[in-house]
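Listed here are the chains, written in short residue letters.
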Amino acid sequence: MPKGAIVAEKLTRWFGVGEARTYAVKEVSFEANWGEMLYIVGPSGSGKTTLLSMISGILRPNSGSVAVDGRDLWSLSDDEIADFRLNTIGFVFQDYHLFPRLTTAENVAIPLILQKRNWSEALSTAAQCLEIVGLGDKAQLPPTKLSGGEQQRVAIARAIVHQPEILVFDEPTASLDGETGRKIVSFVKTDILSAKRCIIMVTHDSRIFEYSNRIMEMEDGRITGFQQGQTV
Amino acid sequence: MKQILILAYKLLVNDKGKYTALLVGTTFSVFLIVQMTSSFAGILTKASATVINIGASIWVMDPAATNSILSNVPMPDYVLDAVRSIRGVKYAVPLYSGTALVKLHDGTYQAVSVIGLDDSSLVGRPKLLEGDIDDIFAENGFIVVKDEEFPKLENPKLGTEFELNDYRGVIVGIATVPTGALYGTPTLYTTYYRAITYIPSMRFTISYVLVQPKSDSDIPYIKQQVARLGYLALTNREYQDAISSYLEYKTSIGTNTLLMTVISFLVGLSICGQTFYTFIIENLEHFGALKAMGAKGRELVYVILFQAGFTALVGYGLGIGLSTLLITAAKLRLPEYSSRVTYTNLGLAFVMVLMIASISGYAGVRRVLKIEPFEIFRG
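Residues numbered from 1 in each chain as written. Chains lettered and ligands numbered in written order. Predicted model: local features only at pLDDT ≥ 70, side-chain atom pairs only at ≥ 80, totals over all residues.

Things to note about the overall build of chain B
For chain B, the count of helices and strands is 12 helices and 10 strands. Seen through its C-alpha atoms, chain B measures out along the principal axes to roughly 95 × 50 × 30 Å. (Helix = DSSP H or I, 4+ residues; strand = E, 2+ residues; numbered from the N terminus.)

Quick look at the packing of helix 3 (residues 104-114) of chain A against helix 4 (residues 119-132) of chain A
Between two packed helices, both the angle of their axes relative to each other and the distance between the axes serve to describe the pair. Residue and element names in this part refer to chain A. With their axes 8 Å apart at the nearest point, helix 3 and helix 4 run at an angle of 120° to one another. Where helix 3 crosses over helix 4, the handedness of that crossing is right-handed. Contacts between helix 3 and helix 4 involve Thr104, Ala105, Glu106, Val108, Ala109, Leu112 and Ile113 on the former and, on the latter, Trp119, Ala122, Leu123, Thr125, Ala126, Ala127, Cys129 and Leu130. Taken together, the residues of the contact of helix 3 with helix 4 sort by class into 12 nonpolar, two polar and one charged. (Axes fitted to C-alpha atoms, helices over the stretch in contact; angles between N-to-C directions. Left-handed = near helix turned anticlockwise from the far one by under 90°. Contact = placed C-beta atoms within 7 Å. Nonpolar A, V, L, I, M, F, W, Y, C, P; charged D, E, K, R; others polar.)

Description of the interface of chain A and chain B
Quite often, the size of an interface is put as the accessible area lost when its parts meet. Contacts between chain A and chain B engage 27 residues on the former and 22 residues on the latter. When residues of the side of chain A that touches chain B are traced back to their parent elements, those giving at least two are helix 1 (48-55), helix 2 (78-88) and helix 3 of chain A. Partitioning the side of chain A that touches chain B into residue classes produces 14 nonpolar, four polar and nine charged.

Here's the deal with the pairing of strand 2 (residues 89-103) of chain B
All names here are of chain B. As paired elements, strand 2 and strand 9 (residues 208-213) share six bridges and run antiparallel to each other. The residue bridging Leu95 from the neighbouring strand is Tyr208, located in strand 9. Where strand 2 lies against strand 3 (residues 109-117), eight bridges are found, and the strand directions are antiparallel. Note on strand 3: the bridge partner recorded for Tyr96 is Gly116. (Pairing = 2+ DSSP bridges.)

Some words on the nonpolar core
Within the largest apolar cluster, 179 residues are counted, with the highest numbers of intra-cluster contacts made by A:Ile200, B:Val60 and B:Val211. A per-element tally of this core places helix 2 (residues 16-47) of chain B first, with 13 residues. Two domains each donate at least three residues to this core, and these are domain 1 (2-46 + 252-378) and domain 2 (76-230) of chain B. Residues contacting B:Val60, with those up to four places away along its chain left out, are B:Val79, B:Val83, B:Tyr208, B:Val209, B:Val211, B:Val226, B:Tyr231 and B:Ala233. (Core = buried A, V, L, I, M, F, W, Y, C linked by C-beta atoms within 7 Å. Buried ≥ 20, exposed ≤ 12 C-beta atoms within 10 Å, placed from the backbone. Domains from an automatic or database assignment.)

Quick look at unusual backbone geometry
Phi angles above zero are rare outside glycine, and A:Lys10 is one such case at about 50°. With respect to the element layout, A:Lys10 can be found in strand 1 (residues 6-15). For B:Asn165, which is not glycine, the phi torsion reads 55° and is therefore positive. Tracing the sequence through the fold places B:Asn165 in the loop between strand 6 (161-164) and strand 7 (167-176).

A few points about the domain arrangement of chain B
Residue and element names in this part refer to chain B. One can read the domain layout of chain B as domain 1 (2-46 + 252-378) and domain 2 (76-230). Computed from C-alpha coordinates alone, the two centres of domain 1 and domain 2 are separated by 48 Å. Taken together, the contacts link five residues of domain 1 with five residues of domain 2. Here the residues of the side of domain 1 that touches domain 2 sort into two nonpolar, one polar and two charged.

Focus: the sheet that holds strand 7 (residues 166-170) of chain A
All names here are of chain A. Taken in spatial order, the six strands line up as 6-7-8-3-9-10 in an open sheet, and their pairing is mixed. Across the chains shown, the open sheet's two edge strands, defined by having one partner strand only, are strand 6 (89-92) and strand 10 (222-228). If you compare each strand with its neighbour and ignore which way they point, the axes differ by 20° on average. Sheet topology note: the strand 7/strand 8 (residues 198-202) ladder contains five bridges and is parallel. Across the sheet, residue Leu167 finds its bridge partner in strand 8, namely Ile199. In the packing of helix 1 onto the sheet, the strands contacted are strand 3 (37-41), strand 7, strand 8 and strand 9 (214-219), and the crossing angle to strand 8 comes to about 150°.

A look at helix 1 (residues 2-13) of chain B
Structural remark: α-helix, 3.6 residues per turn; residues separated by three or four positions point the same way. Spanning 12 residues, helix 1 of chain B covers 16 Å between terminal C-alpha atoms, matching the ideal 16 Å at 1.5 Å per step. All buried positions along helix 1 of chain B are accounted for by B:Ile4, B:Leu7, B:Ala8, B:Leu11 and B:Leu12. An end-on view of helix 1 of chain B places all buried positions within 130° of arc, on one side of the element. The elements touched by buried residues of helix 1 of chain B are helix 3 of chain A together with helix 2 and helix 10 (297-333) of chain B. (Expected span 1.5 Å × (residues − 1). Arc of directions from axis to C-beta.)

Comments concerning the environment of B:Leu346
Residue and element names in this part refer to chain B. Note on placement: Leu346 falls in helix 11 (residues 343-370). On the basis of neighbour count, Leu346 is assigned to the partly exposed category, with 18 C-beta atoms found within 10 Å. Put simply, Leu346 and Thr311 are 35 residues apart on the chain and 17 Å apart in space, counted from C-alpha to C-alpha. When sequence neighbours within four positions are dropped, the list of residues in contact with Leu346 reads Ile320 and Val341.

Here is the structure:
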């Protein structure tokens, strides 16, 4: 297996059967490297989210392969893939998906709890992560008491709390104003990205393109080109 | 495992509205189930009141009359002699059990249960609160039981006179018994001879022969020999069970109680099932997010089962507590209220609440296992 951070080869995924079959992603191959912040951009329905799901172990492709750090992802069992997501990937969802009935610190601690870490130890680590994203004083508040930008930072803290190698962001600035969006992505670029980490970000937002290392353009389920962003 | 259960607990109890609704549903259901079954248990106990109060080890009776203590078929005197002659019988005495009308001072009549105790031994006599047991042998002597029916005899005192089938009766003792009677009639104790003299009887007069075996190992043989006489010998427990069985299966009381219990179960199931399902549906995206982050399907099943089980247990405790409180309060205010919380009732309510939790949980588990993390990504 090739040993980039992520190596996707001829990934194909369709939905529906017979005449209703629609290709969301068709024979997509690309490579993402350690220390790289790769954007996937394109119009709605171009297959960005489907591709992101396949490379993060959420959606099984109909054909093709994904190697993460040299390991063939889709040859793993369901439990192994769940463990892969838990230990290797940090997710930042478009709608954050924070739990309104838990405190901010408890929200951030969820990946550690799923890793069966001790509850108080998980909360302590979560509090440290909240310090990193500048929300150390909001640890005991429920996420509903936070602004959109703060909620996004909580989601980022939750994504990094278990030290994953790969971070996956789905439209991270969709619900934020331009200034807040830029601040958050700038923070991710400077404080979260490292030589041992790879960040894949799906976005429509051209205002944050300047922070990428590379931009992969998609249309109708295919890659239409790459643009070089800032170098690391 | 422990950590994810703490998470499950917090997700459940922090949603105060839903959690309260779930608890109310479970508590209400358990309360109704326990009320129904306890009332029935109370009725069953009261139906066997005389058997419990007399306390004889073995009751010999006509096999055609095992439904209740009042529906006995009198037996000829030779049965008593024959039973006394059976090997293993320590002693055997006759018992009269019947009903009569008592004429009160105001001219009204009140139905009473009359128990006639063996004149020589007074086996089965009640515990006296007032008076002397020897006075039962005095002229027209009767002992009245001070239970919830006692006021129906105008709260008699020692020396109070009444009229029974044109005979004069005098209260010579006031007694207490472990269990009040079901049929709403006061109970009078007197001697066997006086009972059959004062109360119109059929040709035969012995309602029951009460037997004390020399040891428990003699019981099977005694039962066998009594059966050879053409009669039936039941142990105290067996006779109570026979009376209970009659009420459970051959009267509408058992059917109605069963139906009400099932309805209580269904009410609880519908409230809890619907609330829990709504709780799961509202949290479905969170379960999806957990799945996307790496939670395994079985871990989410544990979360849901824990939430359903925890709610069921807390609701069960609250329901039992509420039931017990109400039954206790009712007994203080309503002396005729017959209700008894038994281990069987508690067990039945527990099984039913577990079924409610299982069915509610199952519906939630099905939805959560079907949710695809990809749906979370797609928003």
